[in-house]
Amino acid sequence: MDCKSSENIFLGKKITSWYLLNSRKLPWREGKNPYNIWLSEIILQQTKVVQGISYYHKFTEAFPTVFDLALADEQTVLNMWQGLGYYSRARNLLKTAKIITNDFNGEFPKNAKELSKLPGIGAYTSAAIASICFNEVVPAIDGNAYRVYSRVLGISKDISKYNSLKYFKDIAMNYIKEHQSGIFNQAIMEFGALVCTPKKPKCIICLAQDNCYAFKNNRQSDFPVKTKKIKVKERFFQYFYIINKKNEFLINKRIEDDIWKNMYQFPLKVIKNSDKEQSDFMGYKAELILEMNHKLTHQKLKIQFYKVSLPEKVFRKIAEREDYLVVTFDDYQEYPFPKPIDNFLKTI
Ligand code: SF4
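Bear in mind that the values here come from a model prediction, so they are computed numbers and not experimental data.

With respect to the overall build of the protein
- When you go through the protein residue by residue, the secondary structure sums to 14 helices and 9 strands.
- Expressed as lengths along the three principal axes of its C-alpha atoms, the size of the protein is roughly 75 × 50 × 30 Å.
- For the protein, the share of sequence-separated contacts (at least 6 apart) that also reach a separation of at least 24 residues comes to 68%.
- Of the roughly 18000 Å² of accessible surface on the protein, 51% is carried by carbon and sulfur atoms.

A short note on the site of the ligand
- Around the ligand, the neighbouring residues are Arg151, Val152, Phe191, Val195, Cys196, Pro201, Cys203, Cys206, Ala208, Cys212, Phe215 and Gln220.
- Across the shell around the ligand, the residue classes tally to 10 nonpolar, 1 polar and 1 charged.

A look at the pattern of salt bridges
- All told, the structure shown has 16 salt bridges when counted by the stated rule.
- Between Glu114 and Lys117 there is a salt bridge, with the nearest N and O atoms lying 3.0 Å from each other.
- Bridged by salt links that share partners, the residues Lys246, Glu248, Glu312 and Arg316 form one connected network.

Re helix H1 (residues 9-22)
- Along its 14 residues, H1 runs 18 Å from first to last C-alpha, staying within 8% of the 20 Å computed at 1.5 Å per residue.
- Largest kink in H1: about 40°, centred on Ile15.
- Among the residues of H1, those classed as buried are Phe10, Leu11, Gly12, Ile15, Thr16, Trp18 and Tyr19.
- Each element contacted by the buried residues of H1 is listed here: helix H9 (143-153), helix H10 (164-176) and helix H11 (181-194).

A short note on the nonpolar core
- Counting 65 residues, the largest nonpolar core has Trp38, Trp81, Phe249 and Phe266 as the members making the most contacts within it.
- Of the residues forming this core, the biggest block, 7 residues, is contributed by helix H8 (residues 123-134).
- Trp81 has contacts with Ile42, Ile43, Tyr55, Phe59, Tyr86, Tyr87, Arg89, Ala90 and Leu93, leaving out every residue within four places of it along the chain.
- With 28 residues, the next largest nonpolar core counts Leu11, Ile155, Ile171 and Cys206 among its residues.

Considerations on a nonpolar patch on the surface
- Nonpolar side chains collect at one region of the surface, where Ile289, Phe329 and Ile348 lie side by side and expose about 230 Å² of accessible area between them.
- Ile348 gets classed as partly exposed once you look at its relative accessible area, which sits at 44%.

Digging into the pairing of strand S2 (residues 249-253)
- By the criterion of burial, S2 is predominantly enclosed, with 4 of the 5 residues buried.
- Here S2 pairs with strand S9 (residues 325-327) via 3 bridges, running antiparallel. Looking across to S9, one finds that Ile251 is bridged to Leu325.
- Two elements, S2 and strand S3 (residues 264-265), share 2 bridges in a ladder whose sense is antiparallel. If you follow Asn252 over to S3, its bridge partner there is Gln265.

Thoughts on unusual backbone geometry
- The residue after Phe223, namely Pro224, is reached through a cis peptide bond having omega -5°.
- The residue Pro224 is located in the loop between helix H12 (213-216) and strand S1 (233-243) in this model.
- With phi around 60°, Trp260 is a residue other than glycine that occupies positive phi space.

A look at the packing of aromatic side chains
- Across all of its chains, the model carries 28 aromatic pairs by this definition.
- With a centroid separation of 4.9 Å and an interplanar angle of 50°, the aromatic rings of Phe10 and Phe191 are classed as tilted. Of this pair, Phe10 sits in helix H1 while Phe191 is found in helix H11, placing the two residues 181 residues apart along the sequence. Just as Phe10 is buried, Phe191 falls in that class too.
- Here a set of aromatic residues connected by ring pairs shows up, and it is made of Phe237, Tyr239, Tyr241, Phe249, Trp260, Phe266, Phe305, Phe329, Tyr332, Phe337 and Phe344.
- Directly above the aromatic system of Tyr167 lies the positively charged group of Lys157, at a separation of 5.1 Å from the ring centroid.

Looking at the environment of Thr227
- For Thr227, the location among the structural elements is in the loop between H12 and S1.
- It is 6.7 Å that separates the C-alpha atoms of Thr227 and Asp158, two residues lying 69 residues apart in sequence.
- Those residues within four positions of Thr227 in sequence are excluded, and the remaining contacts are Asp158, Ser160 and Lys161.
- For Thr227, the side chain forms a polar contact with the side chain of Asp158, separated by 2.3 Å.

Digging into the environment of Gln304
- Looking at where Gln304 falls in the secondary structure, it is placed in strand S8 (residues 299-309).
- Relative accessible area serves as the criterion here: at 7%, Gln304 is assigned to the buried category.

Regarding the packing of H8 against H11
- At a minimum axis separation of 7 Å, H8 and H11 run at an interaxial angle of 130°. Relative to H11, H8 is oriented oblique. The way H8 lies across H11 gives a crossing that is left-handed. For the pair formed by H8 and H11, the contact residues are Tyr124, Ala127, Ser131 and Ile132 on the first element and Ser181, Gly182, Asn185, Gln186 and Met189 on the second.
- Across the contact of H8 with H11, the residue classes break down as 4 nonpolar, 5 polar and no charged.

About the thresholds
- Residues numbered from 1 in each chain as written.
- Predicted model: local features only at pLDDT ≥ 70, side-chain atom pairs only at ≥ 80, totals over all residues.
- Heavy atoms only, no water.
- Helix = DSSP H or I, 4+ residues; strand = E, 2+ residues; numbered from the N terminus.
- Contact = heavy atoms within 4.5 Å.
- Areas by Shrake-Rupley, 256 points an atom, 1.4 Å probe, with all protein chains shown as cover.
- Near = heavy atom within 4 Å.
- Nonpolar A, V, L, I, M, F, W, Y, C, P; charged D, E, K, R; others polar.
- Salt bridge = Lys/Arg side-chain N within 4 Å of Asp/Glu carboxyl O.
- Expected span 1.5 Å × (residues − 1).
- Bend = angle between axes of the 7 residues up to and from the residue.
- Buried < 20%, exposed > 50% of the residue type's maximum accessible area, 1.4 Å probe, protein only.
- Core = buried A, V, L, I, M, F, W, Y, C linked by side-chain atoms within 4.5 Å.
- Patch = residues over 30% accessible without salt bridge, like charges linked within 9 Å, V, L, I, M, F, W, Y side chains within 5 Å.
- Pairing = 2+ DSSP bridges.
- Phe/Tyr/Trp six-rings, centres within 6.5 Å; stacked < 30°, edge-to-face > 60°.
- Lys NZ or Arg CZ within 6 Å of the ring centre and 35° of its normal.
- Polar contact = N/O pair within 3.5 Å; in protein donor to acceptor, adjacent residues only side chain to side chain.
- Axes fitted to C-alpha atoms, helices over the stretch in contact; angles between N-to-C directions.
- Parallel < 35°, antiparallel > 145°, perpendicular 65-115°, else oblique.
- Left-handed = near helix turned anticlockwise from the far one by under 90°.

Put into structure tokens, the structure is as follows:
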């Protein structure tokens, strides 16, 4: 049952009252400063609220304004982002801060169309910022919104199809006009995060029961409809933890257009088959000391860490010849590392 009318009482009237009474107190909700809202939205893309809060505090303390952030260097920002993953977000954060500072005199554009031209700000984030900060009447459709609209209204449109965003936006437009747009968008998302959750939605305590298609038809798990599965590629990484007698080790910067760009790593060999173990590194014994799997949205990494102890002369020669950096356990944290390497260094 697809429904485009604005007759649903829950979406038409109750949802914002529910939000005003039940929303979580979160630091970025204390005001409508676009810098703070933008920062929180970028941090919360692919990150849970509980984890995002400490990063939000860390960034707003280090960079209270967009001007402060624009002056930061990329290594510092990546370092502070460490642990959140999806590092392109951090790189885009810095790019956008520089654009806002240099081209917009520190003022964020006041509508979703202009905001969406900035690096790292897509359809959802631009709508969220424009509606929350500038009251633009524009629906913000994230995963929570897809779920709430499709369950309540019984929308069977496949959300993995390219035209579904426009379809859901059109439906949301029927309701958003009845409310303050920023509050309405946040209410839908908060309701999806707290009540109409992906698994085990809290239907028993839900005030939408009488107005919910999925509940009335016991079809909660059928919505949202999503057919396209993300293709996950398997990759095999072999890292060489090369040390000398002083416990110094070698790192280099990832410069290719690939995951973890501009972060640091041990010397790496990418292989085609995980069965191929290494016994040496440039003729010196390589000892396999740790294996781990690491999941990203589109990639599944199988990582092996090898320890290679080198005589001082050879260590220095390799460091010079290959343009590696020599670091110690006292200073390596000045460099941003992908999570698997950071975890490895914390465990050895
Ligand atoms: Fe979601 Fe259940 Fe409420 Fe319907 S009744 S909106 S499925 S929590």
